[in-house]
Every structure is written in C-alpha cells, then in structure tokens.
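If you want the building blocks of each chain, they are given just below.
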Amino acid sequence: WLPSFQQGKLTFGGSREHLDYALRAVESPAALDQIRTQLSFNTAALESREGMLDTLADLGGPAEAAMLLNLATRERGDYDAAARTRLMARVERMARQRNVLPGGNAKQLEEVIRGDEPREMKLVALRLAGLWKREEMRDLITAAAVGPHGDADTAAAGFVALSQLGGDKSIA
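Residues numbered from 1 in each chain as written. Predicted model: local features only at pLDDT ≥ 70, side-chain atom pairs only at ≥ 80, totals over all residues. Heavy atoms only, no water.

**Q** For this particular structure, what's the right way to read the nonpolar core?
**A** The nonpolar side chains of a soluble globular protein tend to be buried with one another. Grouped together as the largest cluster of nonpolar side chains are 43 residues, with contacts concentrated most on Leu39, Leu68, Met88, Leu109, Met137 and Ile141. Among the secondary structure elements, those contributing two or more residues to this core are α3 (29-40), α4 (46-59), α5 (62-73), α6 (81-98), α7 (107-114), α8 (119-131), α9 (138-146) and α10 (152-165). Broken down by element, this core gets its largest block of residues, seven residues, from α8. Those residues in contact with Leu109, other than ones at most four positions away along the chain, are Leu69, Met88, Ala125, Leu128, Ala129, Trp132 and Met137. (Core = buried A, V, L, I, M, F, W, Y, C linked by side-chain atoms within 4.5 Å. Buried < 20%, exposed > 50% of the residue type's maximum accessible area, 1.4 Å probe, protein only. Helix = DSSP H or I, 4+ residues; strand = E, 2+ residues; numbered from the N terminus. Contact = heavy atoms within 4.5 Å.)

**Q** Explanation requested: the pattern of salt bridges in the structure shown.
**A** Should the charged atoms of two oppositely charged side chains come close, the side chains can pair. With the rule as written, the count across this model stands at 17 salt bridges. Among the ionic pairs, Glu110 bridges to Arg114, the shortest N-O distance being 3.0 Å. With Glu110 and Arg114 both in helix α7 and four residues apart, the pair spans about one turn of that helix. Judged by its relative accessible area of 30%, Glu110 is partly exposed. Among the charged side chains, a network of salt bridges with common partners joins Glu50, Asp54, Asp58, Arg86, Arg90 and Arg93. (Salt bridge = Lys/Arg side-chain N within 4 Å of Asp/Glu carboxyl O.)

**Q** How should the packing of α5 against α7 be read in this particular structure?
**A** Two quantities define a packed helix pair, namely the angle between the helix axes and the distance between the axes. Between α5 and α7, the shortest axis-to-axis distance is 11 Å and the interhelical angle comes to 30 degrees. Our classification of the angle between α5 and α7 gives roughly parallel. With respect to the hand of their crossing, α5 and α7 are arranged in left-handed fashion. Contact residues: Leu69, Asn70 and Thr73 in α5; Gln108, Leu109 and Val112 in α7. Class assignment of the residues belonging to the contact of α5 with α7 gives a composition of three nonpolar, three polar and no charged. (Axes fitted to C-alpha atoms, helices over the stretch in contact; angles between N-to-C directions. Parallel < 35°, antiparallel > 145°, perpendicular 65-115°, else oblique. Left-handed = near helix turned anticlockwise from the far one by under 90°. Nonpolar A, V, L, I, M, F, W, Y, C, P; charged D, E, K, R; others polar.)

In structure tokens:
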C-alpha cells in the first residue's frame, strides 16, 4: 500500500483512523516523509488533508512541528485563517502532549503576534512562546498580558505564557 500512497493514489477514503493505523503498522519514516511531501507541495487530496495533518502532529517529531508551523505562517494561499489556526493548534498539541519542539527561532511566532493574523492564532502563538521558553519574547508576552487591549483571552494567554517562562521577571 505504501507505493500507492506515495503516488497519491491511496487516500484511505479520507479516514484519519485508517491512515494512522496504516502508518503506525508500517513504522516507516518513508510514510511520514510522503505525507510531508504531499502537504508541502499541496498535492494531498482535500478530503485527506486534515487527517494527514493530524497524523503528522500525532506521530511527527521536530521536523514535522517545524513544517506545520511553516504551513501556518507562510503567505501562500493554501490555507484559510481557520485552517492556519488549526495548524498552529497542532503544533501546540505536539509541544504539550509530547514535548516536541521545532528548531529555529521565534520569528514566526513574533510575526503572528504582531501581525494581522486572526485573534485565535495570536492566542496560540502566545501560548507557544511560553511553552518554548522564548525569553527573547518576554516583553511582547508581558504586553499581551497587561497591555491596554481590553481582551481577557489575550491577557490570559499572556499570563499563561509568562508562567511557563518562569523566573523572577514573571512574578514582578
């Protein structure tokens, strides 16, 4: 089945459960590589895309977390705002449940928080900054927590991120 999947001919009927089962059974990095390739080049069947993204989040490592973050923040129009927010939420789930962190810097998170991204996406980015212990973002996180925005959810995400950063500066 793997060659058919690699050619994009096998979609498991869009069933995430069937895809997950098959990938876990084969235990092959080639299967995750194929999912990564199909998603990167936007060749995944639409009915399979969400399941494939969930599979990457459930089984993937740092490279897959970085890929999901890149898909969420790239400027191509492959994903609408709601889908990009779900991508960020998957990265957060990877960090919370399995302590999987993408490599690199916090530039993407900072761009989401400062940019014109949807509010829910900004909240996820704030929480990720805390989970990833991005000390260089402390001022931005603090501004979200105590700033004059009047948004309780943003303040809560900022305070959660500060608590995750820890240290004396989070208490002051």
